[in-house]
Amino acid sequence: MLDKLSSSLKDTLKKITRLVFIDERAINELVKELQRALLQADVNVQLVFNLTKKIKERALNEKPLKSITQREFIINIVYEELTNFLGKEKSEIIIERKKPFKIMMVGLYGSGKTTTIGKLSKYYSKRNYKVATLGLDVHRPAAPEQLEQLSEQVKVKCFTEKKEKNPLKVYKKFESEYKNYDILIIDTAGRDALSSDLVKEIELLNKEINPDEKILVISADIGQAAQAQAEQFHKSCNISSVIVTKMDGTAKAGGALSACAVTGAKIKFIGIGEKVDALETFNPPGFVSRLLGMGDIEALLEKAKEAISEEQAKDLGNKFLKGEFNLIDLYEQMEAMSKMGPISKVLEMVPGFSQIKLPKDALQVQEGKLKKWRFILDSLTKKELEDPELIDSSRIERIAKGAGVPTSEVRDLLKQYKQAKKLMKMMKGSPDKMMKKFKFPGMK
């Protein structure tokens, strides 16, 4: 997500860490590079200048504490101001225990609103809420079917009425059933926020339904047009939260992120893919930390909780830190990580990991590979599983034949094992030692 902006910011900060002396000229150069990076990410020009002005003033006028260097102090200023710019702290939707807690979703055509309802339904279902969805988008022909399919996929009840073209009548038809659910997520029509018809419909639904939470779904690729759209939706129904979608597919997300931040409605979630579990809570400190290459341990732990049990995590973690593991442990680690999303993206969340220069193919394991690995592991003897160093050329041929795969697949697995073992040795020791070893300068 925002790979280009992230690379630009990391390169800029690395230049600062290499300087022997940091004077006004160096700070001016830093500010120019920050401005260039943010403008390329489609952040509003005035917002960019306001942000970099604060950074420059603090860098020139404030004095670092004795415990940190001036370089670390400058990096911390950049981190703090970017975090403040994007909302300062994580803001969650407080679900009140009422029957039901009503969430109304609004947004433009193509913003991914209905898909996001599926993601949000799964998110809250996994947190032991009984969720239902309601389709009030009566204008788009395929909208009810899409909502039904997504609701079925995440195993939640869906209320729709395909023949009725009055959204308020659809809402009232099922009104007696809503009390059986903790959360009711309501889909509404998606059109341009500046359309008078949409504004009128949204205002009417808002008045009659009286939702507890009004969420604007806005696409990251909308760029600077996001601000006008967000402000108009805010006037129509006083939006209380924002979800930014398609964060994985654009370099221009700065426009949507910054525009939403200045409307007063906090960004609560970001969509990072098409799958129903590709939704993350938006945590500005962690998000900025990831952009700057410092990792995001909170997001990593959240993903880990959903992918593996606490007992399994502790067991794998202990073996990881000791640097002692075999082929079965490697397989279990890769399988667990694959459940958390693309492994390269998961590793971005590990503090300090972006500072380690790994081979491009390191730890890049696709689902197809994992299935073949399972067959290979089933063809190994107990001794070979526990001590992969025993596996020579003749054993590789026997294993490949037994697993029904080419010998190259067996060699790939062994290569992956050796790469992982080398990495484990680098990171061997306590978590504190590991963090100190790979800590990004200026990281708290």
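Residues numbered from 1 in each chain as written. Predicted model: local features only at pLDDT ≥ 70, side-chain atom pairs only at ≥ 80, totals over all residues. Heavy atoms only, no water.

### Quick word on the overall build of the protein
Rule in force here: Each helix corresponds to a stretch of at least 4 residues labelled H or I by DSSP, and each strand to a stretch of at least 2 residues labelled E; elements are numbered beginning at the N terminus. Only protein chains enter the accessibility calculation, which uses a 1.4 Å probe; a residue is then buried when its area is under 20% of its type maximum, exposed when over 50%, and partly exposed in between. Computed with a 1.4 Å probe, the accessible areas rest on the Shrake-Rupley method; for each residue, only the protein chains presented here act as cover.
Each helix and strand counted, the protein has 20 helices and eight strands in total. Counting the 444 residues in the protein, one finds 51% classified as buried. Accessible area of the protein: about 22300 Å², with a carbon and sulfur share of 50%.

### A few points about empty space enclosed by the protein
The cut-off we apply is this: Residues are said to line a cavity or pocket when one of their atoms sits within 4 Å of a point; the points come from a 1 Å grid over protein atoms alone, cavities being sets where a 1.4 Å probe fits but cannot get out and pockets being open sets with protein on both sides within 12 Å along at least five of seven lines. Grid points are joined across faces, edges and corners, and a volume is the space filled by probe spheres set on the points. When residues are grouped by polarity, Ala, Val, Leu, Ile, Met, Phe, Trp, Tyr, Cys and Pro land in nonpolar, Asp, Glu, Lys and Arg in charged, and all others, Gly among them, in polar.
Following the criterion strictly, the structure yields two cavities of 30 Å³ or more and no others. Estimates place the volume of the largest cavity at around 110 Å³. Together, 13 residues line the largest cavity, and Leu5, Leu38, Phe85, Leu86 and Leu291 are the ones closest to its centre. Elements that contribute at least two residues to the lining of the largest cavity include exactly helix H1 (3-18), helix H4 (70-85), helix H10 (254-263) and helix H11 (284-291). Examining the composition of the lining of the largest cavity, we find that three residues originate from one element, H11, more than from any other. Classifying every residue of the lining of the largest cavity gives 12 nonpolar, one polar and no charged.

### A word on the packing of aromatic side chains
For clarity, the cut-off: Aromatic rings from Phe, Tyr and Trp, with only the six-membered ring used for Trp, were paired whenever their centres fell within 6.5 Å, and each pair was classed as stacked if the ring planes differed by under 30 degrees, edge-to-face if by over 60, and tilted otherwise.
Per the counting criterion, the structure on display carries eight aromatic pairs. When the ring of Tyr123 is compared with that of Tyr124, the centres are 5.1 Å apart and the planes differ by 85°; the resulting orientation is edge-to-face. Per residue, the accessibility class of Tyr123 equals that of Tyr124, and both read buried. Connected via pairs of aromatic rings, a cluster forms that spans Phe159, Tyr171, Phe174, Tyr178 and Tyr181.

### Thoughts on helix H2 (residues 24-40)
As a reminder of what qualifies: For a helix, the expected span equals 1.5 Å multiplied by the residue count minus one. Any pair of residues with heavy atoms lying within 4.5 Å of one another is described as a contacting pair.
Taking 1.5 Å of rise per residue, 17 residues should cover 24 Å, and H2 covers 24 Å from first to last C-alpha, within 8% of that figure. Those residues of H2 lying buried are Ala26, Ile27, Leu30, Val31, Glu33, Leu34, Gln35, Ala37 and Leu38. As for H2, its buried residues are in contact with H1, helix H3 (45-61) and H4. Count one or two residues on from H2 and you reach Asp42, which has phi positive near 75°.

### Comments concerning the pairing of strand E7 (residues 266-271)
This is how it is decided: Only strands that DSSP links by at least two bridges are regarded as paired with each other.
Extensive coverage of E7 is indicated by the burial of five of its six residues. In the sheet, E7 pairs with strand E8 (residues 279-281) via three bridges, with the strands oriented antiparallel. If you follow Gly271 over to E8, its bridge partner there is Leu279.

### Digging into a nonpolar patch on the surface
For clarity, the cut-off: Patch rule: a residue counts if its relative accessible area is over 30% and it has no salt bridge; like charges are joined within 9 Å, and nonpolar side chains (Val, Leu, Ile, Met, Phe, Trp, Tyr) within 5 Å. The working definition used for a salt bridge is a side-chain nitrogen of Lys or Arg within 4 Å of a carboxyl oxygen of Asp or Glu.
Residues Leu39, Val45 and Phe49 make up a contiguous nonpolar surface patch of about 230 Å² in total accessible area. If you trace the backbone, Phe49 turns up in helix H3. Phe49 gets classed as partly exposed once you look at its relative accessible area, which sits at 39%.

### Some remarks on H3
Using the following cut-off: What the arc measures is the spread of directions leading from the helix axis to the C-beta atoms. In protein, a polar contact means a hydrogen-donor-capable atom and an acceptor-capable atom, both N or O and within 3.5 Å, with residues adjacent in sequence counting only if both atoms are side-chain atoms; elsewhere, any N or O pair within 3.5 Å suffices.
Along its 17 residues, H3 runs 24 Å from first to last C-alpha, staying within 8% of the 24 Å computed at 1.5 Å per residue. All of the buried residues along H3 are Leu47, Val48, Leu51, Thr52, Ile55, Arg58 and Ala59. Projected onto a plane normal to the axis of H3, the buried residues spread over an arc of 125° and lie on a single side. For H3, the exposed residues lying more than 90 degrees away from the buried face are Lys53 and Asn61. By the N-cap criterion, in which a side-chain oxygen at the helix start approaches the backbone nitrogen of a residue two or three places on, H3 is capped by Asn44, the distance to Gln46 being 2.9 Å.

### Notes on the sheet that holds strand E3 (residues 157-159)
Just so we agree on the cut-off: Here, axes are lines fitted to C-alpha atoms. For helices the fit covers the stretch in contact, and angles between N-to-C directions go from 0 to 180 degrees.
Read across the sheet, eight strands follow the order E3-E2-E4-E1-E5-E6-E7-E8 without closing on themselves; strand pairing throughout is mixed. Because the sheet does not close on itself, it has two edges, and the strands there are E3 and E8. If you compare each strand with its neighbour and ignore which way they point, the axes differ by 25° on average. Summarising the sheet, strand E6 (residues 241-245) and E7 pair through four bridges and their orientation is parallel. The partner of Ser241 across the bridge, within E7, is Lys266.

That is the geometry; function is a separate question.
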